[in-house]
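Observations on chain architecture
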Amino acid sequence: MGCFIKFSSPAILFMFLSLLLIPTSAHVQVNEGGYISAVISKKGLDFFKNYLINQATSSIIPLELPDIEKSKKIPLIGKVHMALSNIIIYSVGIDSSYVETGDTDLLLAVSGATADCGMNWEYSYGSWLLPTISDSGAATVLVEGLEVGLTVSLKEQGGIVKVILVDCGSHVRDISIKVDGGASWLYQALFEAFEGKIKSAVESAVTKKISELITKLDSIFQSLPKQIPVSDIASMNTSFVRSPVLSDSSVEVEINGLFTASSGTSMLNYYHKGFESSASCSSPAKMIGIQLNENVFSSGALVYFNANRLHWIIDDIPEKSVLNTSGWRHIIPQLYTQYPNDGMNLYISVTSPPKIHVSEHDIGGTIDLDMTINVLDSSEVIPVACISLKSKEITWPVSLD
């Protein structure tokens with residue numbers, strides 16, 4: 001009697017997607033290099049830049065600025081105490097933005113942005129000759145020529161990427177203030193004294209908010225899992241193996257990418273490092289190009305092979321007579337004589353870890369199988385024949401573009 005366990009869905013899916021890949025067992029150190037590499041092109045960087053700007057804009061609006069107070073001596077009137085409160089930026093418009101890669105850092109800049117603010121104002125003054133006079137109202141402020149720049153560094157630390165804010169700053173070129181109601185000519189003169197303070201408040205608030213957003217982004221990166229379960233049998237090691245590599249117009253990241261058994265045992269220790277035998281997408285129009293080393297598939301195949309999952313039972317096919325001894329009575333009469341009109345099934349098992357190679361133009365692999373023919377006699381499963389299949393390498397042409 002044999003052990004007849006039906007092939008699970010994740011294993012079937014993995015087997016056909018990876019073409020039943022390569023063998024070997026042992027352990028791969030993270031610092032040996034990654035087996036999955038992704039290159040984010042200039043188009044991809046622009047996409048992420050626009051996404052981050054949209055997310056940042058939506059998260060900071062509305063942005064409340066601190067209250068501003070100031071006293072000013074005005075001829076004929078005397079000392080006037082002025083205050084601005086409830087200063088809120090309620091909309092931001094982005095004119096242009098760009099992202100650049102340096103040797104070790106990423107630079108993201110926004111220029112020509114505008115911001116609309118609302119606020120309340122009040123003032124009071126008096127002297128020993130005059131009673132205290134006060135007034136209050138609302139005003140709107142248009143911030144023009146807002147420029148924001150930040151530089152971040154991406155460093156691998158313990159299998160994760162840390163986002164480090166290297167520099168951040170903002171600058172306001174000009175503001176215009178519109179006062180609602182009252183003697184606007186007087187109020188406008190008073191508010192001109194606040195121009196520098198309003199500019200400084202906007203610049204400080206925007207810079208502070210961006211710094212907080214980068215800290216939040218770093219927290220998201222820190223929370224990324226180093227291992228992702230793909231089934232009850234296997235998980236993929238998704239830890240980063242080095243800091244992202246920056247070029248003139250792209251960013252390359254590498255993860256370990258190998259599959260491990262759910263028990264935590266890593267696969268493979270002597271696979272060649274790098275991507276000499278891998279598949280990749282090289283079209284410059286794509287936002288992200290991925291290089292996938294065949295060892296990724298190899299580790300997955302080995303996990304399923306060691307877990308005794310690369311086997312299945314065939315007990316239902318369109319030609320029903322093939323899986324009944326009556327269909328064999330003219331070919332093998334003895335079989336029908338001994339087991340008349342009994343059902344049959346085929347038990348197919350992989351006998352050694354499959355082997356595969358992946359190149360830019362094709363995928364090839366070999367697989368060794370045992371096929372056992374069983375007769376289902378009452379409640380007993382009786383193996384009556386076993387065929388060993390030793391396959392030669394089969395190649396399938398593929399297009400990865």
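All values reported here derive from a predicted model rather than from experimental measurement.

With that settled, the discussion passes to a negative patch on the surface. On the surface, E64, D67, E69 and E122 cluster together to form a negatively charged patch. Summarising the element assignment, E64 is placed in strand 2 (residues 63-65).

With an omega dihedral of -5°, the bond running from I61 to P62 counts as a cis peptide bond. Within the secondary structure layout, P62 lies in the loop between helix 2 (42-60) and strand 2. Backbone geometry at N308 places phi at a positive 60°, although glycine is not the residue there. Along the chain, the position of N308 falls in the loop between helix 5 (294-306) and strand 16 (311-314).

Moving on to the sheet that holds strand 16. Within the open sheet, the 4 strands sit side by side as 16-17-20-21. Their pairing is antiparallel. Here the strands that pair on one side only, and so sit at the sheet edges, are strand 16 and strand 21 (380-390). Recorded for the sheet is a direction-independent mean angle of 20° between the axes of neighbouring strands. Strand direction decides the pairing type here: strand 17 (residues 343-350) and strand 20 (residues 368-377), joined by 8 bridges, are antiparallel. The partner of N345 across the bridge, within strand 20, is N374.

Most of strand 19 (residues 362-366) sits inside the fold, with 4 of its 5 residues counted as buried. Here strand 18 (residues 355-358) pairs with strand 19 via 4 bridges, running antiparallel. Bridged to I356 within strand 19 is G365.

What follows concerns helix 2. With 19 residues, helix 2 extends 27 Å from end C-alpha to end C-alpha; this agrees with the ideal 27 Å at 1.5 Å per step. Where helix 2 is concerned, the buried positions are G44, L45, K49, I53, T57 and I60.

The next subject is helix 5. The first and last C-alpha atoms of helix 5 sit 18 Å apart over 13 residues, in line with the 18 Å expected at 1.5 Å per residue. The element helix 5 is extensively covered by neighbouring structure, given that 11 of its 13 residues are classed as buried. Along helix 5, the positions that sit buried rather than exposed are E294, N295, V296, F297, S298, S299, G300, A301, L302, V303 and Y304. Put simply, N293 is the residue that caps the front of helix 5, since its side-chain oxygen is 2.8 Å from the backbone nitrogen of N295. N308 occupies a position one or two residues after helix 5 and carries a positive phi of about 60°.

Across soluble globular proteins, you tend to see nonpolar side chains buried next to one another. Counting residues in each nonpolar core, the largest one holds 67 residues, and the members touching the most others are V143 and I198. Considering each element in turn, this core owes the most residues, 10 residues, to strand 6 (residues 105-125). Counting contributing residues per domain, this core is built from domain 1 (36-223) and domain 2 (310-400), each supplying no fewer than three. Excluding residues that lie within four positions of it along the chain, I198 makes contacts with I68, L84, M119, V141, I175 and I177. Formed by 6 residues, the second largest nonpolar core is a distinct cluster that contains L335, Y339, M344 and I382.

On the surface, F47, F48, Y51, L52, M287, I288 and I290 cluster together to form a nonpolar patch covering roughly 630 Å² of accessible area. Broken down by secondary-structure element, the contributors of at least two residues to the nonpolar patch are helix 2 and strand 15 (288-293). Per-element accounting of the nonpolar patch gives the leading share, 4 residues, to helix 2. Mapped onto the secondary structure, F48 falls in helix 2. On the basis of relative accessible area, F48 is assigned to the partly exposed category, the value being 35%.

This part is about the pattern of salt bridges. The tally for this structure, following the rule as stated, stands at 7 salt bridges. K209 is paired through a salt bridge with E212; the nearest N and O atoms lie 3.8 Å apart. In this pair, K209 and E212 are both assigned in helix 4 (residues 195-222), 3 residues apart and thus about one turn of the helix distant. In the salt-bridge network here, residues are joined through shared partners; they are R242, E252 and E254.

The strands that make up a sheet are held in pairs by hydrogen bonds between backbone atoms, and each pair lies either parallel or antiparallel. Across the sheet, 3 strands lie side by side as 9-10-13; this open sheet has antiparallel pairing. Strands at the two margins of the open sheet, each flanked by one partner only, are strand 9 (227-229) and strand 13 (259-261). Taken over all neighbouring pairs, the strand axes of this sheet differ in orientation by 35° on average, direction set aside. Sheet topology note: the strand 10 (residues 234-237)/strand 13 ladder contains 3 bridges and is antiparallel. Looking at strand 13, one finds that A234 is bridged to A261. Here helix 5 sits on the sheet in contact with strand 10 and strand 13, set at roughly 15° to strand 13.

Conventions adopted
Residues numbered from 1 in each chain as written. Predicted model: local features only at pLDDT ≥ 70, side-chain atom pairs only at ≥ 80, totals over all residues. Heavy atoms only, no water. Patch = residues over 30% accessible without salt bridge, like charges linked within 9 Å, V, L, I, M, F, W, Y side chains within 5 Å. Areas by Shrake-Rupley, 256 points an atom, 1.4 Å probe, with all protein chains shown as cover. Salt bridge = Lys/Arg side-chain N within 4 Å of Asp/Glu carboxyl O. Lys, Arg positive; Asp, Glu negative; His and termini not counted. Charge placed at Lys NZ, Arg CZ, Asp CG, Glu CD. Helix = DSSP H or I, 4+ residues; strand = E, 2+ residues; numbered from the N terminus. Pairing = 2+ DSSP bridges. Axes fitted to C-alpha atoms, helices over the stretch in contact; angles between N-to-C directions. Buried < 20%, exposed > 50% of the residue type's maximum accessible area, 1.4 Å probe, protein only. Expected span 1.5 Å × (residues − 1). Polar contact = N/O pair within 3.5 Å; in protein donor to acceptor, adjacent residues only side chain to side chain. Core = buried A, V, L, I, M, F, W, Y, C linked by side-chain atoms within 4.5 Å. Domains from an automatic or database assignment. Contact = heavy atoms within 4.5 Å.

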